[in-house]
Amino acid sequence: MRFVGRRRGSSVTSVTDLAKFLTCPYLFLREKVVGKRKTAAMKRGLELHRERYLLHREGAAEMDIEEAVEASWRGKVIGVEVWIDDGEVGGFVDRVEVEEGRARVVEYKSTPRSASWKTSKLQALIYGAILRRYVDYVVVEVRTFEEELFFRRQIDGAVLEAYEKGKEAFRRSIDTGVFPPLPGPHCRYCPLRKSCPLFKSSSLLFMGVSEVAGDGRVQL
Ligand code: SF4
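In what follows, the accompanying structure is described.

Next up on the list: the overall build of the chain. Per the secondary structure count, the chain includes 8 helices and 8 strands. Counting contacts in the chain only where the partners sit at least 6 residues apart, residues at least 24 apart contribute 71% of the total. If you sum the accessible surface of the chain, you get close to 11300 Å²; carbon and sulfur atoms cover 52% of it.

The next subject is the packing of aromatic side chains. Tallying each qualifying case throughout the model produces 7 aromatic pairs. Aromatic pair Trp83 and Phe92: ring centres 5.0 Å apart, planes at 70°, arrangement edge-to-face. Judged by its relative accessible area of 22%, Phe92 falls in the partly exposed class. An aromatic cluster of at least three residues, connected via ring pairs, comprises Phe21, Phe28, Phe170 and Phe179. We note Arg52 situated over the ring of Tyr108; from NZ or CZ to the ring centre the distance is 4.2 Å. Directly above the aromatic system of Tyr137 lies the positively charged group of Arg102, at a separation of 3.9 Å from the ring centroid.

A word on unusual backbone geometry. For residues other than glycine, phi is negative in most cases, and the peptide bonds are mostly trans. At Glu81, a position not held by glycine, the phi torsion is positive, near 55°. With respect to the helices, strands and loops of the structure, Glu81 is situated in strand E4 (residues 77–85). Taking relative accessible area as the criterion, Glu81 reaches 16% and is therefore assigned buried.

Turning next to the nonpolar core. Counting 42 residues, the largest nonpolar core has Ile126 and Leu131 as the members making the most contacts within it. Here this core gets 8 residues from one element, more than from any other, and that element is helix H6 (residues 118–131). Core analysis: the second largest hydrophobic core is formed by 7 residues, Tyr26, Leu182, Cys190 and Leu192 among them.

Counting across every chain of the model gives 19 salt bridges. We note a salt bridge from Glu107 to Lys109, for which the minimum N-O separation is 3.0 Å. Of the residues examined, Glu107 reaches a relative accessible area of 4% and is grouped as buried. Residues Arg172 and Glu168 are paired through a salt bridge, measuring 3.7 Å at the closest nitrogen-oxygen approach. Residue Arg172 and its partner Glu168 are located together in helix H7 (residues 157–176), separated by 4 residues, close to a single helical turn. Taking the relative accessible area as the measure of exposure, Arg172 reaches 35% and is therefore partly exposed.

Our next topic: the site of the ligand. In the vicinity of the ligand, the residues found are Cys24, Tyr26, Pro181, Leu182, Pro183, His186, Cys187, Cys190, Arg193, Cys196 and Leu198. Looking at the shell around the ligand, its residues break down into 9 nonpolar, 1 polar and 1 charged.

With that settled, consider the packing of helix H1 (residues 15–23) against H6. Taken N-terminus to C-terminus, the directions of H1 and H6 make an angle of 130°; their axes are 8 Å apart at the nearest point. In terms of axis orientation, H1 runs oblique to H6. Our pair here, H1 against H6, has a crossing hand that is right-handed. Where H1 approaches H6, its residues Val15, Thr16, Leu18, Ala19, Lys20, Leu22 and Thr23 are matched on the opposing element by Lys118, Thr119, Leu122, Gln123, Ile126, Tyr127 and Ile130. By residue class, the composition of the contact of H1 with H6 is 8 nonpolar, 4 polar and 2 charged.

Further remarks concern the environment of Ser11. When you line up the elements, Ser11 lands in the loop between strand E1 (2–4) and strand E2 (13–14). A residue is classified by how much of its surface remains accessible, and Ser11, at 78% relative accessible area, is exposed. Along the sequence, Ser11 and Gly90 sit 79 residues apart, while their C-alpha atoms lie 9.0 Å from each other.

Let us look at H1. Within H1, 7 of the 9 residues are buried, which leaves the element mostly enclosed by the surrounding structure. Taken together, the buried positions of H1 are occupied by Val15, Asp17, Leu18, Ala19, Phe21, Leu22 and Thr23.

Basis of the calculations
Residues numbered from 1 in each chain as written. Predicted model: local features only at pLDDT ≥ 70, side-chain atom pairs only at ≥ 80, totals over all residues. Heavy atoms only, no water. Helix = DSSP H or I, 4+ residues; strand = E, 2+ residues; numbered from the N terminus. Contact = heavy atoms within 4.5 Å. Areas by Shrake-Rupley, 256 points an atom, 1.4 Å probe, with all protein chains shown as cover. Phe/Tyr/Trp six-rings, centres within 6.5 Å; stacked < 30°, edge-to-face > 60°. Buried < 20%, exposed > 50% of the residue type's maximum accessible area, 1.4 Å probe, protein only. Lys NZ or Arg CZ within 6 Å of the ring centre and 35° of its normal. Core = buried A, V, L, I, M, F, W, Y, C linked by side-chain atoms within 4.5 Å. Salt bridge = Lys/Arg side-chain N within 4 Å of Asp/Glu carboxyl O. Near = heavy atom within 4 Å. Nonpolar A, V, L, I, M, F, W, Y, C, P; charged D, E, K, R; others polar. Axes fitted to C-alpha atoms, helices over the stretch in contact; angles between N-to-C directions. Parallel < 35°, antiparallel > 145°, perpendicular 65-115°, else oblique. Left-handed = near helix turned anticlockwise from the far one by under 90°.

Listed below in structure tokens is the structure:
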């Protein structure tokens, strides 16, 4: 059965914001304060998301994730643009498939480069950690719209623990106003790499989710 999520207003932190923060708090802050210029690739990505949504929506049921999980015991359910949250963090999952208590989450990106970006893996992991509230077994993937696989991981205890640490780090930065740079291989594609202060700080070890995301192209 195909379904689309019901639109929900919510004041939670967005999955995208938390993923960007965990990629690099300094980059997150700069983009929040200065804003981010929409590139041609980003605009194309938004169009592709919209096209997929409209195609899928044709004849699809409208339901919340709780109803979809319930329905999955009567047969596989496939949803796009499905809202999930845990009361603190939330967002719309690009695609979720659930069957008999097992779920697969897919985060779609428009280019191989954006599919390789650490933030994309973190987004998928965060969606997966939230979805574990509803089902016991979750696998997350990052793919291009052409279905090329760039990242795959089961959501286990290590991811859930890292997710809680990540949320705690986010709250701490909001409270203290400290958003340090977090250098790594992801700096290669950072729009700020020429002006970044690249401060070194041992306190960055709290970024548990970042470690779980890794930098390998695909993790199986
Ligand atoms: S270059 Fe690296 S450390 Fe500096 S802002 Fe960009 S991602 Fe962060």
